[in-house]
Amino acid sequence: MRTSNHLIGLVNFFTFLASIPILGGGIWLSSRANNTDCLKFLQWPLIIIGVAIMVVSLAGFAGACYRNTFLMYLYLWAMFFIITALIGFIIFAYAVTDKGSGRPVMNRGYLEYYLQDYSGWLEERVKSQSYWMKISSCIRDSHACGKMRRTHNNGIPQPAEMFYRRKLSPLESGCCKPPTECGYTYMNETLWSSGGALVGGDPDCVRWNNDQQQLCYNCNSCKAGVLASLKKSWRKVSVINIVILIILVTMYIVAIAAFRHNKQIDNDEPYGETRMEKSQPSRIHF
């Protein structure tokens, strides 16, 4: 009996520890949403799951310590639904970030992003004008484009050949410069000249504006850059979630086995003489 209770308590302790990376991943996505990705609702399910695992594991730990059957039943059922929710969240995260990636450009170190490469629920949300106004405002307030500027020799902008070799983030590539096919001439990272000539056929070519408050924030390439940035962030967190999910399922199976063992011992307790630990056992039975 003691061994089983100790095992259940140990399982719940490790479950509590496993909730920390999940909660940390949700908080990290929240910080990314505030500073970079600018999609501020997707991290909340992960934060809620992490907090729920913490609370439930503490309930299971208390149930094991005090041999409270109700708390143990509550722990097992709650963990079942939490694990199911985590599985659903992982599947959802991969489903909505499945399609789309950057395209390489000749003689460029960065990739370029096209909205037509993406599809699905997230792409529809980003295409919504009312929703995009909030996202683009967030990107503008994050000063992502201003942070990409580099200067040499007393404030002289970085030469074009050096800029073309840079590894830009999806937001920097999609929102802070015009598409390469538009044929704009580089002046600095966020200032480009058309030279008075007609630009390319991409609609983003006419959406580009050297006004630092506009740039390419209304471009489809910027929307694609947001989706690419979100996909990159979610894939990092999803790898951690899958590892934690495997650990949670393993510990849940161990907890069920230990709980069943406790129940079998409790059912046989009136018939066992070896279960007596005192010459005059207490009248209180759990």
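Throughout, a residue's number is its position along its own chain's written sequence, starting from 1. In keeping with the model being predicted, local features are shown solely for residues with a pLDDT of at least 70 and side-chain atom pairs are shown and tallied solely at 80 or more, while totals for entire chains, interfaces and linings include all residues. Only hydrogens and water are set aside; all other atoms, that is, all heavy atoms of the structure, feed into the side-chain values.

**Q** Which parts of the structure should I look at to understand the side chain of E189?
**A** Helix and strand assignments follow DSSP, with helices taken as H or I runs no shorter than four residues and strands as E runs no shorter than two, numbered in order from the N terminus. Along the chain, E189 falls in the loop between β5 (185-188) and β6 (191-193). Burial classes: relative accessible area under 20% of the type maximum marks a residue as buried, over 50% as exposed, and values in between as partly exposed (1.4 Å probe, protein chains only). Judged by its relative accessible area of 2%, E189 is buried. Throughout, a residue-residue contact means that at least one pair of heavy atoms, one from each residue, lies within 4.5 Å. Ignoring sequence-local partners within four residues, the contact set of E189 consists of M148, R149, R150, Q158, F163, R166, C176 and K177.

**Q** What's the story with the pattern of salt bridges in this structure? I'm lost.
**A** Two side chains carrying opposite charge are able to pair once their charged atoms lie near each other. When a carboxyl oxygen of Asp or Glu is within 4 Å of a side-chain nitrogen of Lys or Arg, the pair counts as a salt bridge. The tally for this structure, following the rule as stated, stands at five salt bridges. With its nearest N and O atoms 2.8 Å apart, the salt bridge here joins R103 to D117. Of this pair, R103 sits in strand β1 (residues 103-104) while D117 sits in the loop between β2 (111-112) and α4 (121-127), and the two are 14 residues apart along the sequence. The exposure class assigned to R103 is partly exposed, which follows from its relative accessible area of 34%. In this structure, R207 engages D204 in a salt bridge whose closest nitrogen and oxygen atoms are separated by 2.7 Å. Of the two residues, R207 and D204 are both situated in helix α8 (residues 204-207); the distance of three residues between them amounts to about one turn of the helix.

**Q** Help me understand the state of the cysteines in this model?
**A** Working definition: the covalent bond between the sulfur atoms of two cysteines is a disulfide. By disulfide we mean two sulfur atoms from cysteines, separated by a distance within 2.5 Å. Using the criterion set out here, one finds four disulfides in the structure. For C182, the disulfide goes to C205, at an S-S distance of 1.9 Å. Residues C182 and C205 are joined through a disulfide that is left-handed, its torsion about the S-S bond being -85 degrees. Pair noted here: C182 is in the loop between α7 (170-175) and β5 and C205 is in helix α8, with a separation of 23 residues, a long-range link. As far as burial versus exposure is concerned, C182 and C205 are alike and both buried. Between the sulfur atoms of C216 and its disulfide mate C219 the distance is 1.8 Å. With the S-S bond torsion at -85 degrees, the cross-link from C216 to C219 turns out left-handed. Taken as a pair, C216 and C219 share a single burial class, namely buried.

**Q** Before we go on, may I ask you to explain the environment of F163 in this structure?
**A** Summarising the element assignment, F163 is placed in helix α6 (residues 160-164). Separated by 25 residues in the primary sequence, F163 and N188 have C-alpha atoms spaced 8.5 Å apart.

**Q** Whenever I open this one, unusual backbone geometry confuses me. Can you help?
**A** Generally, phi is negative for residues other than glycine and the peptide bonds are trans, each holding for most cases. Notably, N107 is not glycine yet its phi reads approximately 65 degrees, a positive angle. Of note, N107 is situated in the loop between β1 and β2. A relative accessible area of 65% means that N107 is categorised as exposed. The phi dihedral of L215 is positive, around 40 degrees, even though this residue is not glycine. Tracing the sequence through the fold places L215 in the loop between α8 and α9 (220-268). You can call L215 buried: its relative accessible area is 2%.

**Q** In this structure, what is going on with the confidence of the model for the protein chain? I would like to understand it.
**A** Predicted coordinates in regions of low pLDDT should not be interpreted in detail. Model confidence for the protein chain is summarised by a mean pLDDT of 81, while 84% of its residues fall at 70 or above. Predictor confidence is given residue by residue as pLDDT, running from a minimum of 0 to a maximum of 100. Across the protein chain, the element-wise mean pLDDT spans from 75 in strand β3 (residues 151-152) up to 95 in β2.

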